[in-house]
Amino acid sequence: MNRFFKKVYQYINPAVNPDLAPAFDEWQKHIPTLWLLGKTGAGKSTIIQTLTGNSLVEIGNGFQPCTRTAHHYLYPAENPLVCFLDTRGLGEADYDPSEDIAMCSGKSHALMVVMKAEEPEQSGLLNALKQIKRSGVIKHLLVIHTAVNSIVDTQERQRAIDYNHQRVMEIWGIKPTQWQSQTATIYHPIVVDLIPDDEQFIGLDDLHHALTDALPMLSLLSNQQAHTNREEQNFYQLRQEVLWYAGAAGASDAIPAVGLFSVPAIQGKMLHSLANQYGVSWNKKDYAEFVGMLGSGFLLQYLSKLGLNQLVKFIPAYGQTVGSATAAAMSFSSTYAIGRAACMYLYHRSKGEPISKDQIKLAYQQAFTTVKNIADRQQVTQASKSNIEKDSQ
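Residues numbered from 1 in each chain as written. Predicted model: local features only at pLDDT ≥ 70, side-chain atom pairs only at ≥ 80, totals over all residues. Heavy atoms only, no water.

Per an unreviewed UniProt entry, the chain goes by G domain-containing protein and derives from Photobacterium andalusiense.

This is the structure we're talking about:
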């Protein structure tokens, strides 16, 4: 058994530090991207401020050029987990969204069409939307109607919202019955009025629900859970870092053969980084104790699943779609769960407190199950959106 743990220790602590830059670059390419398409003054900055909790973020402040016509904002700035893409040239007659479409290609993404309820003139936006639809790259569409309270008469307000929404749905090929129904859960108008100075946040819950329905992974960014103890509070301060490593592991594992080497190395790097956060360091004894607390057979299952996932990805057609997605979800979930359990272990070790094997094992299992369910929802959502759009055509 000691020889076995020694091999595992060497596996995630190689003598030569592996080059993980390609894995992290791959994650950077696949960070969930929210593309905001709307006229200047439609409320895009306020939406981003509301979603990130950063009241200082403005379009043009904190955003970096990424194409000739768009700027992006990575959040958080360190170890980013989501990218906001703002179209800058929408008001120009010759705006061509092809570069922006290419940037979103291959990512988990949602197109957020932002329209002021009182502005029926949306020709620039609608023309861009037609090109985006023809590309076939963007699958998730959210239509957000802002400044709704600027129209006092409720019937007139509803007519204005329906008018703008109907034109977008026609371009996207969605039938009225699919978005007008009271039971419609997607493509339904999202009506908000976000005025921070007056503390008016009408429709904020609907916006959050719509976003997490379109991109379930975004629900992991929320840090609004009640913390039952100080250990949990400490973990949630490091949660974004754990998610970043998990995202990098998942992104690299979507590539055949790469994940077999990069995923354990990323997880090892995460464990070292977390130990530094708690002011402790790992040794072979600690690794053996920690892995032992994760449950009997954990390592054998972990190594066998990792190898099996790599083999599945080489199956023609299936391996490049379902196989890769499954492997990525497994690596994402296991990395996050290892990070969660490690934080609990390191916290008690830094305090010199006894460490409960049952608590560590439960922390891993709960974290894995929660994140795996979200990752599975992401795959189901992508498939269901594609099916709806096919039925509309």
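After that view of the structure, there is still more to cover.
1. Considering the overall build of the chain
In terms of helices and strands, the chain carries 14 helices and nine strands. For the chain, the proportion of its 393 residues judged to be buried stands at 50%. Taking the contacts inside the chain whose residues are at least 6 apart along the sequence as the reference set, 73% of them involve residues at least 24 apart. When the accessible surface of the chain is totalled, it reaches about 18900 Å², and 52% of it is carbon and sulfur. (Helix = DSSP H or I, 4+ residues; strand = E, 2+ residues; numbered from the N terminus. Buried < 20%, exposed > 50% of the residue type's maximum accessible area, 1.4 Å probe, protein only. Contact = heavy atoms within 4.5 Å. Areas by Shrake-Rupley, 256 points an atom, 1.4 Å probe, with all protein chains shown as cover.)

2. Points about unusual backbone geometry
Backbone geometry places A147, a non-glycine residue, at a positive phi of 50°. Its place among the elements puts A147 in the loop between β6 (141–146) and α6 (154–172). A residue is classified by how much of its surface remains accessible, and A147, at 18% relative accessible area, is buried.

3. A few points about the side chain of S273
Here S273 lies in helix α10 (residues 259–278). On the basis of relative accessibility, which here comes to 17%, the residue S273 falls in the buried class. Beyond its immediate chain neighbours, meaning those up to four positions away, S273 contacts E241 and Y245.

4. Observations concerning the side chain of D100
Structurally, the position occupied by D100 is in helix α4 (residues 98–104). Contact partners of D100, with chain neighbours within four places excluded, come to W35, T67, T69, A70, L85, T87 and Y95.

5. Describing the pattern of salt bridges
Counting across every chain of the model gives five salt bridges. Taking the shortest distance from any N to any O, the salt bridge between K44 and D86 comes out at 2.7 Å. Of the two residues, K44 is situated in helix α3 (residues 44–52) and D86 in strand β4 (residues 82–87); the sequence distance between them amounts to 42 residues. K44 sits in the buried class, given a relative accessible area of 7%. (Salt bridge = Lys/Arg side-chain N within 4 Å of Asp/Glu carboxyl O.)

6. Section: the packing of α3 against helix α8 (residues 204–214)
Two elements in contact, α3 and α8, have axes separated by 12 Å at closest approach and are oriented at 80°. Looking at the two axes, α3 sits roughly perpendicular to α8. Residues I47, T50 and L51 of α3 touch α8, and the partners they reach there are L204, L207, H208 and L211. For the contact of α3 with α8, a count of residues per class yields five nonpolar, two polar and no charged. (Axes fitted to C-alpha atoms, helices over the stretch in contact; angles between N-to-C directions. Parallel < 35°, antiparallel > 145°, perpendicular 65-115°, else oblique. Nonpolar A, V, L, I, M, F, W, Y, C, P; charged D, E, K, R; others polar.)

7. Here's the deal with the packing of helix α5 (residues 123–135) against α6
Axis separation between α5 and α6 bottoms out at 9 Å; the angle between their running directions is 25°. Compared by their axis directions, α5 and α6 come out roughly parallel. Handedness of the crossing formed by α5 with α6: right-handed. Across the interface between the two elements, L126, L129, K130, I132 and K133 of α5 pack against R167, V168, I171 and W172 of α6. (Left-handed = near helix turned anticlockwise from the far one by under 90°.)

8. Quick notes on the nonpolar core
Side chains of nonpolar character tend, in soluble globular proteins, to be buried together. Ranked by size, the top nonpolar core spans 49 residues in total, and within it L274, W282, F290, Y336, L346 and I360 carry the most contacts. Contributing elements (two or more residues each) for this core: α2 (21–29), α9 (230–253), α10, α11 (284–293), α13 (319–351) and α14 (357–392). Of all the elements, α13 adds the most residues to this core, at 12 residues. Among all residues touching L346, those that are not within four sequence positions of it are L274, A275, Y278, V280 and W282. Counting residues in each nonpolar core, the second largest holds 26 residues, with L125, L126, V168 and I174 among its members. (Core = buried A, V, L, I, M, F, W, Y, C linked by side-chain atoms within 4.5 Å.)

9. Here's the deal with the environment of A160
Tracing the sequence through the fold places A160 in helix α6. With a relative accessible area of 18%, A160 lands in the buried category. Separated by 40 residues in sequence, A160 and P120 have C-alpha atoms that sit 7.4 Å apart.

10. Here's the deal with the packing of aromatic side chains
Counted under the stated rule, the structure contains nine aromatic pairs. Taking the centre distance of 6.2 Å and the plane angle of 15° together, the rings of Y364 and F368 count as stacked. Placement of both Y364 and F368 in helix α14 is noted, with a separation of four residues, approximately one turn of the helix. Summarising the burial analysis for this pair, Y364 and F368 share the class buried. Among the aromatic residues, those joined into a cluster by ring pairs are W282, Y287, F290 and Y345. The aromatic ring of W172 is capped on one face by K133, whose charged end is 5.1 Å from the ring centroid. The ring of F235 is capped by R340, whose NZ or CZ atom sits 4.3 Å from the centre of that ring. (Phe/Tyr/Trp six-rings, centres within 6.5 Å; stacked < 30°, edge-to-face > 60°. Lys NZ or Arg CZ within 6 Å of the ring centre and 35° of its normal.)

11. Focus: the environment of P80
Inspection of the secondary structure assignment puts P80 in the loop between β3 (70–75) and β4. C-alpha of P80 to C-alpha of W244: the two residues are 164 residues apart in sequence and 6.8 Å apart in space. The contacts of P80, once residues within four sequence positions are left out, are W27, Q28, I31, L74, Y75 and W244.

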